[in-house]
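Residue-level listing of the chains:
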Amino acid sequence: MRNVKIVCTLGPASDDRATIRRLADSGMSIARLNASHGTTEKRTELVSRVRAVDTAIERSLAIMLDLRGPEVRTAETDAPVELATDSTVRFLESATLTEETVGTTHSIAAVEPGDTVLLDDGRIETTVEDTDDETVYARVDSGGELGSRAGVTTRGVDLDLDLVGAADRESLRLAAEHDLDLVAASFVRDSDDVYEIADTLEEFGGEDTSVVAKIERSAAVENIDGIIAAADGIMIARGDLGVECPLEDVPVIQKQIIRRCVDAGVPVITATEMLDSMVGSRRPTRAEASDVANAVFDGTDAVMLSGETAIGEYPIETVETMATIVDRIEGSEEYAETRDRRVPAADPGIRTDAVARSARYLAGDVDAAAIVCLSESGYTARKAAKFRPAVPIVAVTPNDSVRRRLAVSWGVEARYGSYSADIDSVLETAVESALAADVAESGDTIVVLAGMLNERPETDVANTLKVHVVAETIATGRSVVPGQVPAPIVRTAEGDLDGVPDGSILVLRPGFDGEFDGDVSKIAGIIAAESGLTGYPAIVARELDVPMISGATLPTSIADGTVVTLDGERAVVYEGDVTADTRGA
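Residues numbered from 1 in each chain as written. Predicted model: local features only at pLDDT ≥ 70, side-chain atom pairs only at ≥ 80, totals over all residues. Heavy atoms only, no water.

Asks: How should the overall build of the protein be read in this particular structure?
Replies: What the protein contains, in helices and strands, is 17 helices and 29 strands. Seen through its C-alpha atoms, the protein measures out along the principal axes to roughly 110 × 45 × 45 Å. When the 585 residues of the protein are sorted by exposure, 54% land in the buried category. Partitioning the intrachain contacts of the protein with sequence separation of at least 6 by distance along the chain shows that 65% fall at a separation of at least 24. As displayed, the protein has an accessible area near 24,500 Å², and 44% of this comes from carbon and sulfur atoms. (Helix = DSSP H or I, 4+ residues; strand = E, 2+ residues; numbered from the N terminus. Buried < 20%, exposed > 50% of the residue type's maximum accessible area, 1.4 Å probe, protein only. Contact = heavy atoms within 4.5 Å. Areas by Shrake-Rupley, 256 points an atom, 1.4 Å probe, with all protein chains shown as cover.)

Given below as C-alpha cells:
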C-alpha cells in the first residue's frame, strides 16, 4: 500500500467522470479544484462527479478546493504582449495590457523605488523607478512575453489586500454547502490568516472542513510554526515561494517545513512543477523524477500535480509515473533507513502521542501486518501516521467525512465502519477492516489502536492498544459450553470415534441423534449442526469440559484435518489458530 498520497488538479484535460475514475485508479487520492479558474457552477458539477467516483471505488477520494487568495494578476488580453528588456512600463489598476501599460487586478502602489515587481512566476523581472499616486513606473530588467491573468508579485511588499475577497467567500460557501474535505488557503501570512479562513467556513456551516495553509510568501516562512499549529495541513507551494524567496533557498525551506510538519503530526503536501514536462511529454525529465523522490525521502504526506493533470496531454500517464516513482522509493532500503531514523518524539502533554508511538514499535516487535485505528474524529489515525510505522495504517471511522479527510495523511487507508465502544466490537471491526483492505490475512497479527467514541475531536481519547490475531469467521451458532480450543476438525455421521485423532474437534452433521462409539477423551471440542443445549453431545461436552456450540454448519470447503479455533463462549468458529491473541494487552 502506497504511503505518500497523490493530489491531482482537475481541469479541461481531466474533468469528466471517466477520466476522474481513471486518475483515481492510477493513484489519485485527492482531487484539487482550482478556484482561480472556472465558475462556481462548473465547480459544483465537478464536485458531484468526484463524489460519484468516491462512492464507486474502494479507496477514499477527497476533494480540495484551492482558493484564489489575495492575488494580483495582469489584465486579460486577446493576444500576449512583449515586454522588451530595458524598456519602461507603467503598472496601474485597469483592464489594459500593452507593451507600455500593464493593467492589474489590484493596485500595487504600495511599492517604492528600488522594489522588485515580478510577473508570470518571475519569468519577467522589473525594478520600480518611480510612483505617481496609483501609477507605478518600472524598468524591465528581464523581458518576455506576457499573457492574460499572469501573476504579479511584489517581493517583500505587503499590498494590504483583503485575505477573503468576494470570490473566495463564494468558494468557501460552496465548500461548506457541499461538505468539501479540504480548503487550501492561498497567500497566508500568519496563523491569524488561517483562523480567518476557518472562521469564514464556520460562518457558512463548514466548521468540519480542513484548512490547508499554502506556504508561498516569505512572511509565511517566517511564521511557519504558528501556521502549522493553526492549520489542519500545509502545502509547500514552491512556485510562488520561489518568486518570493531566493530560488536557492526553496529546497532548504521545503525540507525544514516537512520536518516541522512531521514532528507536529500535521499533513504536508509538496507542490508545483513536480512533473511539469509531462504537460506535453509522455516521460518526465530525470531531474523531475529526482524531485518527486526527494520529497518522498523528506517525509512528505502527499505530492501534487497541477497543470500536468489539469491541461496536460497525458494526465493518466503522469499519475502512473508519479505512483511508480513513489512506490520505488518507498520500497528502497534507503527510504526505510531514513524513515526509521526520523521518528518524532511523543509530545509529553498528549497521551495519544505516547500510545501511537508505542503502536509503531509494537507492530515491529510482533511482526504485525498492519496497525488498525478505530477513531470517530480521525485524531487517533493522524497520530499513528505521525510516527511513520513500517506497516500500513487502516483507519476505521463511522464518519464518512472523516474517512475522506484522512486521504491526505501519510500511510492511512481510511474506511467507513460502525462499531460500538465494547472491546469485542472494536476487535471484530478491526479484523474485518484489515481483511477488507487486503493488508492482512487470516492468521496475521495486527496492532489495534482505538480511540473510543467521543464528541470532542481534540480530546486525547486513544485508550486501547492491543495485539490481535486476524481470524476469519467460518461459522457461528449457539453457545453450549464455553471455552476456546484450536484443533483439527473431524466429521462424523454416526458418532464412530475410531480413527479420530486425539485432540480433534468433532463436527456433527445435521440429523445426528445417536451416541458416540469409542474413546470420548479424544474430543477437544464439538461443533453440532443441530440446535439444542440438552442432547447427548451437550452432556458429553459438559462432562469433558470441552467447548461446544450448536446450530453451526461448517462450509464443505473446510476439509477434515483443517485447524480451526472453536470459541464456545462467543459461539464462533474461526479459521486457523487464533489463540496467539492471548498475547494482547
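From this point, the narrative continues.
Asks: Can you walk me through the sheet that holds strand 23 (residues 478-481) in this structure?
Replies: What links the strands of a sheet is backbone hydrogen bonding, and the strands pair in either a parallel or an antiparallel sense. Reading across the sheet, the 8 strands line up as 22-29-28-24-25-26-27-23 and stay open at both edges, with mixed pairing between neighbours. On the outer flanks of this sheet lie strand 22 (473-476) and strand 23, each paired with one strand and no other. The sheet shows a mean angle of 35° between the axes of neighbouring strands, direction not considered. As defined by bridge partners, strand 26 (residues 523-528) adjoins strand 27 (residues 548-550) across 3 bridges and the pair is classed as parallel. Each residue of the ladder has a partner; that of Ala 528, found in strand 27, is Ser 550. Contacts from helix 17 (residues 536-544) reach strand 23, strand 25 (504-508), strand 26 and strand 27 within the one sheet, and its direction differs from that of strand 23 by about 50°. (Pairing = 2+ DSSP bridges. Axes fitted to C-alpha atoms, helices over the stretch in contact; angles between N-to-C directions.)

Asks: Even after reading the chapter, I still don't get the sheet that holds strand 14 (residues 233-237), so can you show me in this structure?
Replies: With respect to topology, 8 strands assemble into a closed barrel ordered 1-2-3-12-13-14-15-16, the strand pairing being parallel. Sheet twist, expressed as the average angle between the axes of neighbouring strands with direction ignored, equals 25°. Note that strand 15 (residues 268-271) and strand 16 (residues 302-305) share 2 bridges and pair parallel. Of the residues in strand 16, the one forming a bridge with Thr 270 is Val 303. Strand contacts of helix 2 (residues 40-56): strand 2 (28-34) and strand 3 (62-66), with the helix running at about 175° to strand 2, the strand carrying the most contacts.

Asks: Where do I start with the nonpolar core in this structure?
Replies: The nonpolar side chains of a soluble globular protein tend to be buried with one another. The biggest cluster of nonpolar side chains holds 72 residues, and the ones touching the most others in it are Leu 10, Met 28, Ile 197, Ile 234 and Met 322. At 7 residues, helix 11 (residues 315-330) tops the list of elements feeding residues into this core. In contact with Leu 10, other than residues within four places in its own chain, are Ile 20, Leu 23, Met 28, Ala 31, Arg 32, Leu 33, Leu 46, Val 50 and Ala 310. Judged by nonpolar contacts, the second largest core, of 23 residues, contains Val 72, Ala 75, Val 102 and Val 152. (Core = buried A, V, L, I, M, F, W, Y, C linked by side-chain atoms within 4.5 Å.)

Asks: Honestly, helix 16 (residues 423-436) in this entry has me stumped. Any pointers?
Replies: Given 3.6 residues per helical turn, the α-helix brings residues three or four places apart onto the same face. Here helix 16 is 14 residues long and its end C-alpha atoms lie 20 Å apart, about the 20 Å a rise of 1.5 Å per residue gives. Inspection of helix 16 places Ser 425, Val 426, Leu 427, Thr 429, Ala 430, Val 431, Ser 433 and Ala 434 among the buried residues, and these make up the whole buried set. Just downstream of helix 16 lies Asp 438, where phi reads positive at about 60°. (Expected span 1.5 Å × (residues − 1).)

Asks: In this structure, what is going on with a negative patch on the surface? I would like to understand it.
Replies: Residues Asp 160, Asp 162, Asp 192, Glu 196, Asp 199, Glu 202, Glu 207 and Asp 208 make up a contiguous surface patch of negative charge. Take Asp 162: it is sitting in the loop between strand 11 (152-154) and helix 3 (166-177). (Patch = residues over 30% accessible without salt bridge, like charges linked within 9 Å, V, L, I, M, F, W, Y side chains within 5 Å. Salt bridge = Lys/Arg side-chain N within 4 Å of Asp/Glu carboxyl O. Lys, Arg positive; Asp, Glu negative; His and termini not counted. Charge placed at Lys NZ, Arg CZ, Asp CG, Glu CD.)

Asks: Any chance you could explain the packing of helix 13 (residues 351-365) against helix 14 (residues 379-386) here in plain terms?
Replies: In a packed pair of helices, the relevant descriptors are the angle between the two axes and the axis-to-axis distance. Between helix 13 and helix 14, the least distance of the axes is 8 Å, while the angle of their chain directions is 55°. The angle between helix 13 and helix 14 falls in the class oblique. Seen from above, helix 13 lies across helix 14 with right-handed handedness. Between helix 13, through Thr 352, Asp 353 and Ala 356, and helix 14, the contact on the second element is made entirely by Tyr 379, Lys 383, Ala 384 and Lys 386. Taken together, the residues of the contact of helix 13 with helix 14 sort by class into 3 nonpolar, 1 polar and 3 charged. (Parallel < 35°, antiparallel > 145°, perpendicular 65-115°, else oblique. Left-handed = near helix turned anticlockwise from the far one by under 90°. Nonpolar A, V, L, I, M, F, W, Y, C, P; charged D, E, K, R; others polar.)

Asks: Just checking my understanding: could you explain empty space enclosed by the protein for this structure?
Replies: Over the atoms rolls a probe the size of a water molecule, and its path tells where empty space is left. Overall, the coordinates contain 4 cavities of 30 Å³ or more when judged by the stated rule. Its volume calculated, the largest cavity comes out at about 130 Å³. Residue lining of the largest cavity: 14 residues in total, with Asp 298, Gly 299, Arg 339, Arg 342 and Arg 388 positioned closest to the centre. When the residues that make up the lining of the largest cavity are grouped by side-chain class, the tally is 7 nonpolar, 2 polar and 5 charged. Here the second largest cavity is characterised by a volume of approximately 60 Å³. If you go around the second largest cavity, the residues you meet are Cys 261, Val 262, Gly 265, Val 266, Pro 267, Asp 301, Arg 382, Ala 385, Lys 386, Arg 388 and Ser 409. (1 Å grid on protein atoms, 1.4 Å probe; cavity = no way out; pocket = protein on both sides within 12 Å on 5 of 7 lines; lining within 4 Å. Points joined across faces, edges and corners; volume = space filled by probe spheres on them.)

Asks: Honestly, the pattern of salt bridges in this entry has me stumped. Any pointers?
Replies: Under the defined criterion, the tally for this structure stands at 34 salt bridges. Asp 340 is paired through a salt bridge with Arg 360; the nearest N and O atoms lie 2.7 Å apart. Of the two residues, Asp 340 sits in helix 12 (residues 333-341) while Arg 360 sits in helix 13, which places them 20 residues apart along the sequence. Between Arg 491 and Asp 560 there is a salt bridge, and its shortest N-O distance comes to 2.9 Å. Within this pair, whereas Arg 491 is found in strand 24 (residues 484-492), its partner Asp 560 is found in the loop between strand 27 and strand 28 (563-567), the two being separated by 69 residues in sequence.

Asks: For this particular structure, what's the right way to read helix 11?
Replies: Between the first and last C-alpha of helix 11 there are 23 Å, a value that for 16 residues agrees with the 22 Å anticipated at 1.5 Å per step. Buried within helix 11 are the following residues: Pro 315, Ile 316, Thr 318, Val 319, Thr 321, Met 322, Ala 323, Ile 325, Val 326, Ile 329 and Glu 330.

Asks: Hey, could you run me through the pairing of strand 28 in this one?
Replies: The side chains of a regular strand alternate between the sheet's two faces. Burial runs high along strand 28: 4 of the 5 residues are buried. Pairing of strand 24 with strand 28, which is carried by 5 bridges, proceeds in the antiparallel orientation. Opposite Pro 486, over in strand 28, you have Thr 565 as the bridge partner. Alignment of strand 28 against strand 29 (residues 572-575), held across 4 bridges, turns out to be antiparallel. Opposite Val 564, over in strand 29, you have Glu 575 as the bridge partner. Remark: 4 residues form the turn of the hairpin made by strand 28 and strand 29, two consecutive strands paired antiparallel; Ala 571 in that turn has positive phi of roughly 60°.

Asks: When you look at the environment of Asp 340 in this model, what are you seeing that I'm missing?
Replies: Asp 340 gets classed as partly exposed once you look at its relative accessible area, which sits at 41%. It is 27 Å that separates the C-alpha atoms of Asp 340 and Ile 227, two residues lying 113 residues apart in sequence. A polar contact of 3.5 Å, which involves the side chain of Asp 340, links it to the side chain of Arg 339. (Polar contact = N/O pair within 3.5 Å; in protein donor to acceptor, adjacent residues only side chain to side chain.)

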